[in-house]
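# Coordinates in review
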Amino acid sequence: MRTDSEMPARAELSPDRQALIGQLEENHDLPDEDLKLLLTVEDPAVSDFLAERARAVRERVYGKDVYLRGLIEFTSCCRNDCYYCGLRRSNKKAQRYRLSAEDILSCCERGYALGFRTFVLQGGEDPYWTDQKMVPLVAAIRERYPDCAITLSLGEREEESYARLFEAGADRYLLRHETADRAHYEKLHPSDMSFEHRMNCLKALKRIGYQVGCGMMVGSPYQTVGSLISDLRFMQAFRPEMVGMGPFIPQSDTPFGDCAAGTAQDTLRLLSIVRLMLPDVLLPATTALGTIDPLGREKGLLAGANVVMPNLSPASVRDKYLLYDNKICTGEEAAECVNCLAVRVESAGYRLSMSRGDHIDHNLRKKGEA
Ligand code: SAM
Ligand code: SF4
Ligand code: FES
């Protein structure tokens, strides 16, 4: 991320900065100038206090539970050409695979036995997965696992398609907005992709009744403090149930292969700010955060995150879903990741919850308590 000003490091948090963070916690908002300071200041005491307040807020809403989502990366084929992603259609080195409906159902079966109650089906925008094929798959998962949440992350589709999938039993949809700054969006994507269309998809998903997740990479090429403030303003207005945010990590066979990765520090700071702005949002400590820092996910939980998403894909395809270089957990089995994550979550002072982990409306909860 570009910083506009360099500040000397401080061990103690100054009262004015403490007050700013207090104001963010209290009002879930701050003027742009203050947000800019929190996003750029090189003061470890600011990040520490942001994380401390974010933890307090998260514990007030969700207690000590960390929700588990089973990620099934079911196709590495994609018709799009996003400049940052290893699955982009122009990457001739990418290994393409497509799980069958039976493969996906057996991932769910294995996941259910391991305690998962949310399945996330994620993939490239693969033209093979038309509604004709996707709807019966979602309906089959819904029928077999009525107590589970089904989350889809299939990229941009038409509103009718989202509606059919919702009717078939999908409850949640993850579609990162990637950036709320149109000029930035156009630097991350070729001209056949449209900022408007992505935003319209997000609105359509909300209209239909999905629990919706938006989000962005931290430290993506050309990102500025201004674009991050646009992201935060967008989230305040859109009010997503989930926010997916991880560091950008270059993939060597993409146009951004030589760009710098986002940092753990910037990602953690943003996780805390988002938690304070949207107290009840579901916030994953992502695999990308665990990739740039071996303790990234633990630090994410300590900065306000409350979700982990281990991989449920068959081990044979895991090293083919390479959005970025050096991705972790590509050699492990699902059970190994769950055990590994349970230890990590506990080491951060939290506990893995085996519930569906639905979004809790902070205001309704407050009213109920009143
Ligand atoms: N194709 C769907 C889409 O784009 O929404 C879902 C799958 S896509 C691989 C999921 C997310 O991966 C994207 O929204 C993007 O933010 C993230 N991603 C892609 N390339 C990345 C990279 N190089 N570093 C970190 N995250 C990346
Ligand atoms: Fe395809 Fe999603 Fe990767 Fe873009 S980010 S190339 S849409 S898989
Ligand atoms: Fe996959 Fe640790 S979470 S091995």
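What you are looking at is a predicted structure, and each value in this text was computed from that prediction instead of being measured.

Secondary structure assignment for the chain yields 15 helices and nine strands. Whereas a compact globule of 370 residues would reach a radius of gyration of roughly 21 Å, the chain reaches 20 Å, a difference of no more than 12%. Expressed along its principal axes, the backbone C-alpha trace of the chain runs to roughly 60 × 50 × 40 Å. Across the chain, contacts joining residues at least 24 apart in sequence account for 75% of those joining residues at least 6 apart. Only carbon and sulfur atoms are counted for the fraction: they give 51% of the accessible area of the chain, which is about 15000 Å². Distance between charge centres in the chain, computed from 47 positive and 54 negative side chains, equals 2 Å.

Inspection of every chain in the model, using the stated rule, returns 28 salt bridges. Of the charged contacts in the structure, one is a salt bridge between aspartate 65 and arginine 351, with a shortest N-O distance of 2.8 Å. Of this pair, aspartate 65 sits in strand E1 (residues 65–68) while arginine 351 is found in strand E9 (residues 351–353), placing the two residues 286 residues apart along the sequence. Arginine 351 sits in the partly exposed class, given a relative accessible area of 46%. Between aspartate 171 and arginine 142 there is a salt bridge, with its nearest N and O atoms 3.1 Å apart.

Here we take up the nonpolar core. Counting 103 residues, the largest nonpolar core has Ile72, Phe119, Leu121, Met134, Ile141, Leu152 and Tyr210 as its most contacted members. For this core, the leading source of residues is helix H10 (residues 264–277), giving eight residues. One finds Val61, Tyr62, Tyr67 and Met242 within the second-largest nonpolar core, a separate group that totals 10 residues.

The rules behind the values
- Each chain carries its own residue numbering, running from 1 in the written order of its sequence.
- Lettering for chains starts from A, numbering for ligands starts from 1, and both go in the order in which the items are written.
- Only residues with pLDDT of at least 70 get local features here, since the model is predicted, and only at 80 or more are side-chain atom pairs given and counted; chain-wide, interface and lining totals rely on the full set of residues.
- Working from all heavy atoms in the structure, the side-chain values ignore hydrogens and water.
- Helix and strand assignments follow DSSP, with helices taken as H or I runs no shorter than four residues and strands as E runs no shorter than two, numbered in order from the N terminus.
- Throughout, radius of gyration means the C-alpha value; the globule benchmark is 2.2 Å times the number of residues raised to the power 0.38.
- What makes two residues a contact is simply this: any of their non-hydrogen atoms within 4.5 Å.
- Calculation of accessible area relied on Shrake-Rupley with a 1.4 Å probe; when residues are assessed, cover is drawn exclusively from the protein chains displayed.
- In this count, Lys and Arg are taken as positive residues and Asp and Glu as negative ones, while His and the chain termini are left out.
- Taken as the charge centre is NZ of Lys, CZ of Arg, CG of Asp or CD of Glu, depending on the residue.
- Note on definitions: salt bridges are taken to be side-chain nitrogens of Lys or Arg within 4 Å of carboxyl oxygens of Asp or Glu.
- Each residue is placed in one exposure class: buried if its accessible area under a 1.4 Å probe, protein chains only, is under 20% of its type's maximum, exposed if it is over 50%, and partly exposed if it falls in between.
- Residues enter a nonpolar core if they are buried and are Ala, Val, Leu, Ile, Met, Phe, Trp, Tyr or Cys, with the set joined through side-chain atoms within 4.5 Å.

Read these as layout, nothing more, since geometry by itself doesn't imply function.
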